Amino acid sequence: MSWTDERVEKLTKMWNEGQSASAIAKELGGVTRNAVIGKVHRLGLSNRAGGAPVGGEPVPEAPAEPAPAEPAAAAPQPEAPAPAPEPEAAEEEPEAAPAPLRQIVPAGQPLPPQPSANEISAEALETVREVEKRSKKLSLMELTERTCKWPIGDPASDNFWFCGLPVQAGKPYCEAHVGVAFQPMSSRRDRRR
């Protein structure tokens, strides 16, 4: 079904008369209610000016309520006391530092270092680096339930792999990566202070 000038004209006329989208779709045939609504929006007809209901009888307009009358002579209002002048800048408040802007990295580019890397202790980070040197460097398709699934590198580059060392029982990572991924709540809280 295509929207011919004749069908668009009929849709516009029925819409302005206040017909429902379902009724218009039924009258036009070969279109759904949603197709009618979409065409109405594309034509810019979505705001009805209060047309007629489906029955075709005009809706009587409600009489406009008169605005409340203003008192003829308003009593003069007492003047509010002027605010006390502020003392000379005895102590200026330091301006808040602007929030750091988020950097948008184009697709395929390596991500900048994340601040969460600073949360890992230097000792744990060194252990992880040593483990990653002896990792099996598996691809996604080589992973099994027995291999460490810790991602290493940038997924957008060719230099990306998964650890692949034997996993700790019940965990998806090897012992070193479990130590980084699953930290006790208290140590995470202490690190933020």
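Presented here is an overview of the structure given in this document. A quick note: this is a predicted structure, and the numbers were derived from the prediction, not measured.

Points about the environment of W161
- Here W161 shows up in strand β2 (residues 161-162).
- For W161, a relative accessible area of 15% puts it in the buried group.
- Counting along the chain gives 22 residues from W161 to S139, while the straight-line C-alpha distance between them is 5.4 Å.
- Each residue touching W161, except ones within four places of it in the same chain, is listed here: S135, K137, L138, W150, P151 and I152.
- One polar contact links W161 to S135, side chain to side chain, over a distance of 3.3 Å.

A few points about the pattern of salt bridges
- Taken as a whole and judged by the stated rule, the model has three salt bridges.
- Among the salt bridges present, the one from E17 reaches K13, with a minimum N-O distance of 3.0 Å.
- The exposure class assigned to E17 is partly exposed, which follows from its relative accessible area of 30%.

Considering the packing of aromatic side chains
- Per the stated rule, a full pass over the model turns up two aromatic pairs.
- Judged by centre distance (5.1 Å) and plane angle (75°), the ring pair of W150 and Y173 falls under edge-to-face. In this pair, W150 is assigned in the loop between α4 (122-133) and β1 (151-152) and Y173 in the loop between β2 and α5 (175-181), connecting sequence segments 23 residues apart.
- In this structure Y173 comes out as buried when scored by relative accessible area, which is 19%.
- Ring centres of F160 and F162 lie 5.3 Å apart, and the angle between their planes is 75°; this geometry places the pair in the edge-to-face category.
- With a relative accessible area of 25%, F160 lands in the partly exposed category.

How each quantity is defined
In this convention, every chain numbers its residues from 1, walking through the sequence in written order. Since the coordinates come from a predicted model, pLDDT governs what is reported: local features require at least 70, and pairs of side-chain atoms require 80 or more to be given and counted, while whole-chain, interface and lining totals use all residues. Excluding hydrogens and water, the side-chain figures rest on all heavy atoms present in the structure. The way it works is that DSSP assigns letters per residue, a run of H or I at least four long becomes a helix, a run of E at least two long becomes a strand, and they are numbered from the N terminus. Only protein chains enter the accessibility calculation, which uses a 1.4 Å probe; a residue whose area is less than 20% of its type maximum is buried, one above 50% is exposed, and one in between is partly exposed. Whether two residues are in contact is decided by their heavy atoms: any pair within 4.5 Å suffices. Contacts described as polar in this section are N or O atom pairs within 3.5 Å, which, within protein, must combine one atom able to donate a hydrogen with one able to accept it, while residues neighboring in sequence count only if both atoms come from side chains. By definition, a salt bridge exists where a carboxyl oxygen of Asp or Glu is found within 4 Å of a side-chain nitrogen of Lys or Arg. In this analysis, rings of Phe, Tyr and Trp, with Trp reduced to its six-membered ring, are considered paired at centre separations within 6.5 Å, and the interplanar angle assigns stacked below 30 degrees, edge-to-face beyond 60, and tilted for intermediate values.

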